[in-house]
Amino acid sequence: MAEASDAARAADTREPTAARTHRTRADALRNRERIVAAARDTFVEYGPDAPLDEIARRAGIGNATLYRHFADRRALAHAVMLSVVTRTADRAAAEAAVAAAGGDPRAALGRFAHTAVDENIGALCGLLVNGDDSRSAQIGVQTARLETALDELMERARTDGRLRSDVTRNDLMVAISRLTRPLPGIDCTGLDLHRHLQLFLDGLRTPYPGYPGHAEYPTHPEQPDHETGGATARTP
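In short, a report on the structure. (Residues numbered from 1 in each chain as written. Predicted model: local features only at pLDDT ≥ 70, side-chain atom pairs only at ≥ 80, totals over all residues. Heavy atoms only, no water.)

What to know about the side chain of Ser136
Of note, Ser136 is situated in the loop between helix 6 (125-131) and helix 7 (137-159). Ser136 gets classed as buried once you look at its relative accessible area, which sits at 13%. Separated by 3.2 Å, the side chain of Ser136 and the backbone nitrogen of Ile139 make a polar contact. (Helix = DSSP H or I, 4+ residues; strand = E, 2+ residues; numbered from the N terminus. Buried < 20%, exposed > 50% of the residue type's maximum accessible area, 1.4 Å probe, protein only. Polar contact = N/O pair within 3.5 Å; in protein donor to acceptor, adjacent residues only side chain to side chain.)

Here it is as structure tokens:
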């Protein structure tokens, strides 16, 4: 009987301990996620040399907690880039699946592009350059996923006749990176990046045939001559 009581007491002891361990791990995961999210926003605002104290403040944690999760700036930058690339690859794969199921591939491509702008990919490019994390195997895997899904999506849009045949994945990603990378000395606060992106995306539509010098571009043989009131041939 005594042995049974001891076993019951031991079980009662183990159960709360396991629960506490679970809570501790959940808290640690939440802290890590908060740090990565705060670091992403801070790196976008300040660049790769963003103060770690500011990241900790925005995450609502102390510096010691930050360093328990990330030994140095390079480890934190790697976590931020991995998070961003993974989310971007997930969205590309999801939109490719929508197009494969019969959805409009060009609309899916547009949704992907606007999501990528929200990730501020261009503003984070400095993390790769400064940290040399372009060689990271983890980031490489996610980049390959992104490229495969995007290639599939763009090919469907071309086949559907909704995307110019000469537009490449690199064209799209370079444009997104440039739109989201602040220019030195220029205050871009308040700029509508999504409007600028949409203007770019509209230019990727398959154009009308017949434009002189390029078989894919539209032709407008005449336009008003504003000085004489007549019509003159439009030059490319």
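Details of the packing of helix 4 (residues 73-100) against helix 5 (residues 105-118)
Where helix 4 meets helix 5, the closest approach of the two axes is 9 Å, and the angle between their N-to-C directions is 170 degrees. In terms of axis orientation, helix 4 runs roughly antiparallel to helix 5. Classified by chirality, the crossing of helix 5 by helix 4 is right-handed. Contact with helix 4, carried on its side by Thr88, Arg91, Ala92, Glu95, Val98 and Ala99, involves Pro105, Ala108, Arg111, Phe112, Thr115 and Ala116 of helix 5 and no other residues of that element. Per-class residue counts for the contact of helix 4 with helix 5 are seven nonpolar, two polar and three charged. (Axes fitted to C-alpha atoms, helices over the stretch in contact; angles between N-to-C directions. Parallel < 35°, antiparallel > 145°, perpendicular 65-115°, else oblique. Left-handed = near helix turned anticlockwise from the far one by under 90°. Contact = heavy atoms within 4.5 Å. Nonpolar A, V, L, I, M, F, W, Y, C, P; charged D, E, K, R; others polar.)

What about helix 4?
For helix 4, spanning 28 residues, the distance from its first C-alpha to its last is 40 Å, which sits close to the expected 40 Å at 1.5 Å a residue. The first or second residue beyond helix 4 is Gly102, which carries a positive phi of 110 degrees. (Expected span 1.5 Å × (residues − 1).)

Some details on the packing of helix 5 against helix 8 (residues 169-179)
Between helix 5 and helix 8, the least distance of the axes is 9 Å, while the angle of their chain directions is 35 degrees. The way helix 5 lies across helix 8 gives a crossing that is right-handed. Where helix 5 abuts helix 8, its residues Leu109, Phe112, Ala113, Ala116 and Val117 lie against Leu172, Met173 and Ile176. Across the contact of helix 5 with helix 8, the residue classes tally to eight nonpolar, no polar and no charged.

Observations regarding the pattern of salt bridges
Per the counting criterion, the structure on display carries 16 salt bridges. Between Arg57 and Glu54 there is a salt bridge, with its nearest N and O atoms 2.6 Å apart. Of the two residues, Arg57 and Glu54 both sit in helix 2 (residues 52-59), three residues apart, roughly one turn of that helix. On the basis of relative accessible area, Glu54 is assigned to the buried category, the value being 14%. Between Arg156 and Glu152 there is a salt bridge whose closest N-O contact spans 3.7 Å. (Salt bridge = Lys/Arg side-chain N within 4 Å of Asp/Glu carboxyl O.)

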